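Take a look at the letters that make up each chain.
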Amino acid sequence: QVQLVESGGGLVQAGGSLRLSCAASGRTFSSYVMGWFRQAPGKEREFVAAIRWRDGSTNNADSVKGRFTISRDNAKNTVYLQMNTLKPEDTAVYYCAADRRFGLSISSDAYDYWGQGTQVTVSS
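In this report, the structure presented in the accompanying data block is examined. (Residues numbered from 1 in each chain as written. Predicted model: local features only at pLDDT ≥ 70, side-chain atom pairs only at ≥ 80, totals over all residues. Heavy atoms only, no water.)

1. Some remarks on the state of the cysteines
And then number 1: Per the counting criterion, the structure on display carries 1 disulfide.
And then number 2: The partner cysteine of Cys 22 in its disulfide is Cys 96, sulfur to sulfur 2.0 Å. Every disulfide takes its handedness from the sign of the S-S torsion; for Cys 22 and Cys 96 that torsion is -75°, giving left-handed. Separated by 74 residues along the polypeptide, Cys 22 in strand 3 (residues 18-25) and Cys 96 in strand 9 (residues 92-99) bring together distant segments of the chain. Each member of the pair Cys 22 and Cys 96 is classed as buried. (Disulfide = S-S within 2.5 Å. Helix = DSSP H or I, 4+ residues; strand = E, 2+ residues; numbered from the N terminus. Buried < 20%, exposed > 50% of the residue type's maximum accessible area, 1.4 Å probe, protein only.)

2. Considering the pairing of strand 8 (residues 78-83)
And then number 1: Within strand 8, 5 of the 6 residues are buried, leaving the element largely enclosed by the surrounding structure.
And then number 2: Looking at chain direction, strand 3 and strand 8 are connected through 6 bridges and run antiparallel. Within strand 8, the position partnered with Arg 19 by the bridge is Gln 82.
And then number 3: Relative to strand 8, strand 7 (residues 68-73) is paired through 6 bridges, and the arrangement is antiparallel. Opposite Ser 71, over in strand 8, you have Tyr 80 as the bridge partner. (Pairing = 2+ DSSP bridges.)

3. Section: the side chain of Thr 118
And then number 1: Mapped onto the secondary structure, Thr 118 falls in strand 11 (residues 118-123).
And then number 2: Thr 118 gets classed as buried once you look at its relative accessible area, which sits at 11%.
And then number 3: A distance of 3.3 Å separates a polar atom in the side chain of Thr 118 from the backbone nitrogen of Gly 9.
And then number 4: If near-sequence neighbours (up to four positions away) are discounted, Thr 118 is found in contact with Glu 6, Ser 7, Gly 8, Gly 9, Leu 20, Ala 92, Val 93 and Tyr 94. (Polar contact = N/O pair within 3.5 Å; in protein donor to acceptor, adjacent residues only side chain to side chain. Contact = heavy atoms within 4.5 Å.)

4. Structural notes on the pattern of salt bridges
And then number 1: Under the counting rule described, the total for this entry stands at 8 salt bridges.
And then number 2: Asp 90 serves as the salt-bridge partner of Arg 38, at 2.9 Å between the closest nitrogen and oxygen. With a gap of 52 residues between them, Arg 38 in strand 4 (residues 33-39) and Asp 90 in the loop between strand 8 and strand 9 connect regions that are remote in the sequence. Across the pair, Asp 90 and Arg 38 agree in class, each one buried. (Salt bridge = Lys/Arg side-chain N within 4 Å of Asp/Glu carboxyl O.)

Structural data, given as structure tokens:
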């Protein structure tokens, strides 16, 4: 059974940094794509970043380019989202997701497994 467990969320001031972690278990993920999405109150879930586990290729939303970095640690079966220069508009619940296909999809419909989410709050 696939499990994705996020951690690392919290409250931070604007301009600060956080690193989110997503620990994956229950499957061999070498052929998967791992993604981060976020959902703010009253808004739709939106794509943040994705990484192909096998070769480390990434895809990032324009809104986070230059500020957020997605990476993975194969030995720990963990994906990270390093978030720098945080803004109040980054406030949301952040979700980790896994896609069994090879494309770095930005659509939440492409992802098969989801974590429970972790809250990130950025104060101004």
